[in-house]
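# Examination of the molecular architecture
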Amino acid sequence: MDKGEENAASEEKAQLLTENGRSDTEEYLPGLEIKEKESKSVKNIQWITGKDFTVERGRQQIEEHISTWDVDRRWLHWTEFLWEEELKHSKRYHYRVCWSIPTRRKPIPRATANVYFIIEISKTKPATLPVEVSFSLEYSRLIHR
């Protein structure tokens, strides 16, 4: 079997696996629509400047940023300020956003998901620049900026 025949055979197997995988998924999860990845533009907000920052304004900005996320409306959240961290060249403000899906039968949910935000204000950059914001999901090392 030459390289061309091997590639054709591999592509045929991949096609069969993909089709079988989709039919199995549809069998176990009826009504599930499998959508191709859509290119979505990233929505962002205008973050407050360092000189105008307050702990409460930071919380409000996080709420505003979260409102740009595409989240099912059943998910409810609340945001709280955790602590302030003084560093040599900046100040960091730590927040937590706790998500859950409470129901009428179970108003206190068994499971929650947390997103941790850090708002950093530089002591060396001009105070007229926007604050730097990063966040990570609980148990994740990936930091989103």
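What counts as what
- Going along each chain's sequence as written, the residues are numbered from 1 onward.
- For this predicted model, a pLDDT threshold of at least 70 governs which residues receive local features, and a threshold of 80 or more governs which side-chain atom pairs are given and counted, while totals over whole chains, interfaces and linings are taken from all residues.
- The side-chain values count all of the structure's non-hydrogen atoms but skip hydrogen atoms and water molecules.
- Runs of H or I in DSSP of at least four residues are treated as helices and runs of E of at least two as strands, each being numbered from the N terminus.
- Only protein chains enter the accessibility calculation, which uses a 1.4 Å probe. A residue is then buried if its area is under 20% of the maximum for its type, exposed if over 50%, and partly exposed in between.
- Contacts are assigned to residue pairs with any non-hydrogen atoms lying within 4.5 Å of each other.
- Classification of ring pairs uses Phe, Tyr and Trp, with its six-membered ring standing for Trp, and accepts pairs whose centres are within 6.5 Å; under 30 degrees between planes counts as stacked, over 60 as edge-to-face, and the remaining range as tilted.
- Definition used in this section: a nonpolar core is a set of buried Ala, Val, Leu, Ile, Met, Phe, Trp, Tyr and Cys residues joined via side-chain atoms within 4.5 Å.
- Confidence scores labelled pLDDT are given residue by residue by the predictor and lie between 0 and 100.

### Section: the environment of Arg74
- Here Arg74 shows up in the loop between α2 (55–66) and β1 (76–86).
- Take Arg74: its relative accessible area is 53%, and that puts it in the exposed class.
- The spacing of Arg74 and Thr103 is 29 residues in sequence and 8.8 Å in space, taken between C-alpha atoms.
- Non-local contacts of Arg74, meaning those with residues more than four positions away in its chain, are made with Ser100, Ile101 and Pro102.

### A closer look at the packing of aromatic side chains
- Using the criterion set out here, one finds seven aromatic pairs in the structure.
- Relative to Phe135, the ring of Trp69 has its centre 5.4 Å away and its plane inclined at 40°; by these criteria the two rings are tilted. Of this pair, Trp69 sits in the loop between α2 and β1 while Phe135 sits in strand β4 (residues 132–137), and the two are 66 residues apart along the sequence.
- Phe135 sits in the buried class, given a relative accessible area of 15%.
- Consider the rings of Phe81 and Tyr95, whose centres lie 5.3 Å apart with planes at 65°: the pair is edge-to-face. Taken as a pair, Phe81 in strand β1 and Tyr95 in strand β2 (residues 90–100) lie far apart in primary sequence, 14 residues in all.
- With relative accessibility at 32%, the residue Phe81 sits in the partly exposed group.

### Some remarks on the nonpolar core
- Counting residues in hydrophobic clusters, the biggest one holds 17 residues, and the most contacted among them are Phe53, Ile62, Tyr95, Val97, Phe117, Ile119 and Val131.
- Elements that contribute at least two residues to this core include exactly α2, β2, β3 (113–122) and β4.
- Leaving out residues up to four positions away in the same chain, Val131 has contacts with Trp47, Ile48, Thr49, Gly50, Phe53, Ile119, Glu120 and Ile121.

### Describing the confidence of the model for the protein chain
- The share of residues in the protein chain with pLDDT of 70 or more is 70%, and the mean pLDDT across the chain is 77.
- Put simply, helix α1 (residues 3–28) is where the protein chain has its lowest mean pLDDT, 47, and β2 is where it has its highest, 94.
- Under a pLDDT of 50 for its full length, residues 13–37 has, in the predicted model, three contacts with residues more than four places off or in other chains.

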